[in-house]
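# Notes for the structure review
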Amino acid sequence: DAGVIQSPRHEVTEMGQEVTLRCKPISGHNSLFWYRQTMMRGLELLIYFNNNVPIDDSGMPEDRFSAKMPNASFSTLKIQPSEPRDSAVYFCASRSQGRGTEAFFGQGTRLTVV
Amino acid sequence: SQQGEEDPQALSIQEGENATMNCSYKTSINNLQWYRQNSGRGLVHLILIRSNEREKHSGRLRVTLDTSKKSSSLLITASRAADTASYFCATDVGGGADGLTFGKGTHLIIQP
């Protein structure tokens, strides 16, 4: 397996633009997580899905953030409109319930909003 | 919200020395995990210790867990330059059905 795949790796966008981050979890994993990492706040859990259903989105900072998981092999995190304070590295991770609880992380998307 | 808090925030030691990092958490857990992050990369799982375990070893890694004090420690023995990275603890409440919450990490620098 190629692991968790995120795209794009880097994104630079202007304030006010819509940004969509993409994630392909490891095949067979039924839990998917979105994290945001900054120097100030560390690694924050934004939202997670079990079997494609959002379970807890209490970490989503504002209504400008939304996440979807239309099927078991794809998820998106959308920011609309983007703001400079959204600049961070966004990670997607997946794991399998019941067969061990190790999470596998993607390489992250470095987002810069100017 | 942050569940785990690592201590110290930064640690610099000489190659060959042992490195110890600590983690404190707030609520009851199912297991606690340690991850490593090299600069610019995603996190990589190192070791998991369940709430009914007190100590676990994996190669040069030794993890302890004290549920009465809600704390864990990660010991890296005979450190190498390649161990330079940030180390995070993650608490797992549901054992797979819930989100993993991480601390802010300990940045470890191994001086050659």
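Preceding block: the structure.
First, a word on scope: everything that follows refers to the structure included in this document. (Residues numbered from 1 in each chain as written. Chains lettered and ligands numbered in written order. Predicted model: local features only at pLDDT ≥ 70, side-chain atom pairs only at ≥ 80, totals over all residues. Heavy atoms only, no water.)

Before going further, it helps to spend a moment on the overall build of chain A. Along the backbone of chain A there are zero helices and 11 strands. When the helices and strands of chain A are placed in sequence order, the string is β-β-β-β-β-β-β-β-β-β-β. The C-alpha radius of gyration computed for chain A amounts to 13 Å, which stays within 12% of the reference 13 Å derived for 114 residues, consistent with globular compactness. Projected onto its principal axes, the C-alpha positions of chain A cover 40 × 25 × 25 Å. Expressed as a percentage of its 114 residues, the buried residues of chain A come to 48%. Once local pairs closer than 6 in sequence are excluded, the contacts in chain A between residues at least 24 apart make up 55%. Summed over all atoms, the accessible surface of chain A reaches about 5600 Å², with 50% contributed by carbon and sulfur. A gap of 5 Å separates the mean positions of the 12 positive and 12 negative side-chain charges of chain A. (Helix = DSSP H or I, 4+ residues; strand = E, 2+ residues; numbered from the N terminus. Rg over C-alpha atoms; globule rule 2.2 N^0.38 Å. Buried < 20%, exposed > 50% of the residue type's maximum accessible area, 1.4 Å probe, protein only. Contact = heavy atoms within 4.5 Å. Areas by Shrake-Rupley, 256 points an atom, 1.4 Å probe, with all protein chains shown as cover. Lys, Arg positive; Asp, Glu negative; His and termini not counted. Charge placed at Lys NZ, Arg CZ, Asp CG, Glu CD.)

Taken as a whole and judged by the stated rule, the model has nine aromatic pairs over all chains. For the ring pair tyrosine 35 of chain A and phenylalanine 102 of chain B, a centre distance of 5.5 Å and an interplane angle of 85° mean the geometry is edge-to-face. Taken as a pair, tyrosine 35 of chain A in strand 4 (residues 31-38) and phenylalanine 102 of chain B in strand 10 (residues 100-102) lie in two separate chains rather than in one. Residues tyrosine 35 of chain A and phenylalanine 102 of chain B agree in their burial class; the two are buried. Residues phenylalanine 105 of chain A and tyrosine 35 of chain B carry aromatic rings whose centres are separated by 5.9 Å and whose planes lie at 75° to one another, so their mutual orientation is edge-to-face. You can see phenylalanine 105 of chain A sitting in strand 10 (residues 104-105) and its partner tyrosine 35 of chain B sitting in strand 4 (residues 31-37), one on each of two chains. The pair formed by phenylalanine 105 of chain A and tyrosine 35 of chain B is uniform in burial state, with each residue classed as buried. An aromatic cluster of three or more residues is present, and its members are Phe33, Tyr35, Tyr48, Phe91 and Phe105 of chain A together with Tyr35, Phe88 and Phe102 of chain B. (Phe/Tyr/Trp six-rings, centres within 6.5 Å; stacked < 30°, edge-to-face > 60°.)

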